[in-house]
Amino acid sequence: MISVGLGLASLACKPSGSVDPSLAPAEQADPLALYELLEARIAAGTDSEADRVAALEQVRAAADDQSAAYAYVRAAIAGRVAEGRGLKALKLLEEMRTWALTSIERDAEYRDMAATRMLGTLYVLAGQHLADGDSEAGLELLEDVVAAHPDGPTNHLRLAEGYVALGDPEPGFPSLCLAQGARGQLSAEEQRLLDGLLKDIGGAELLVCDEDGS
């Protein structure tokens, strides 16, 4: 779900758009429910930058219940705000990393290692901009997730993305095949990422996939 762009939008600028009423602050707001609501709006293409910023502000204000879920949500929404803001979003990316690591420490298996997948993707795409960031280490994290949960097409998609981003796409071809074969299980956003990766490697015809997609 995380895509680190190279835009130059300033963090100091007022977020564009208005905040949807369903995301308005609530005294007993549930961070996980808020995250799911924001993701639904993103999936539908109806979210605004203001929605993302408001959601992050609410999660920051919520009490940390010491769960992996809270830490994951904090990392994920920080990543959503950072998307498209490029190098101006480094503090957000550091926040994202800190809370992804916290989620892993609390429960590495939460959502089938979603925080590890997030962290691996972050390191691959923006590791050079983070203190102690390592793109190769990020690739290893993504490989670990695929090894532990080989049936998850999103895991294969992110691993393939890592290989393409690091300029060595061929080792990611089997994962691209698996993601392509399970295209219907991917979100619309993930399908767009898949299409972009296939374009980046020169077209789906370069893949030699078995009938089962592997």
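Residues numbered from 1 in each chain as written. Predicted model: local features only at pLDDT ≥ 70, side-chain atom pairs only at ≥ 80, totals over all residues. Heavy atoms only, no water.

The protein is annotated in an unreviewed UniProt entry as Tetratricopeptide repeat protein from Enhygromyxa salina.

Q: Tell me what's going on with the packing of aromatic side chains, and back it up with residues and numbers.
A: Per the counting criterion, the structure on display carries three aromatic pairs. When the centroid spacing of 5.8 Å and the interplanar angle of 85 degrees are considered together, the rings of Tyr35 and Tyr72 count as edge-to-face. Taken together, the positions of Tyr35 in helix 1 (residues 31–44) and Tyr72 in helix 3 (residues 68–82) put the pair 37 residues apart, joining distant regions of the chain. Through pairs of rings, three or more aromatic residues link up here, namely Tyr35, Tyr72 and Tyr110. (Phe/Tyr/Trp six-rings, centres within 6.5 Å; stacked < 30°, edge-to-face > 60°. Helix = DSSP H or I, 4+ residues; strand = E, 2+ residues; numbered from the N terminus.)

Q: Quick one: what's the story with helix 6 (residues 135–148), residue by residue and with numbers?
A: When the terminal C-alpha atoms of helix 6 are compared, their 20 Å separation across 14 residues agrees well with the 20 Å that a helix rising 1.5 Å per residue should span. Where helix 6 is concerned, the buried positions are Gly138, Leu139, Leu142, Val145 and Val146. Angularly, the buried residues of helix 6 cover 115 degrees about the axis, an arc narrow enough to put them on a single face. The exposed residues of helix 6 that point more than 90 degrees off its buried face are Glu140 and Ala147. (Expected span 1.5 Å × (residues − 1). Buried < 20%, exposed > 50% of the residue type's maximum accessible area, 1.4 Å probe, protein only. Arc of directions from axis to C-beta.)

Q: Lay out the environment of Ala114 in plain terms, naming residues and giving numbers.
A: Residue placement: Ala114 occurs in helix 5 (residues 114–126). By relative accessible area, Ala114 is classed as buried at 3%. In sequence terms Ala114 and Ser103 are 11 residues apart; their C-alpha atoms lie 9.3 Å from each other.

Q: Run through the packing of helix 1 against helix 3, naming residues and quoting values.
A: Close contact between helix 1 and helix 3 brings their axes to 9 Å; oriented N to C, the two are set at 30 degrees. In terms of crossing hand, the pair formed by helix 1 and helix 3 is left-handed. Taking contact as the criterion, the partners of Pro31, Leu32, Tyr35, Leu38, Glu39 and Ile42 in helix 1 are, on helix 3, Tyr70, Tyr72, Val73, Ala76, Ile77 and Arg80. Considering only residue class, the contact of helix 1 with helix 3 consists of 10 nonpolar, no polar and two charged. (Axes fitted to C-alpha atoms, helices over the stretch in contact; angles between N-to-C directions. Left-handed = near helix turned anticlockwise from the far one by under 90°. Contact = heavy atoms within 4.5 Å. Nonpolar A, V, L, I, M, F, W, Y, C, P; charged D, E, K, R; others polar.)

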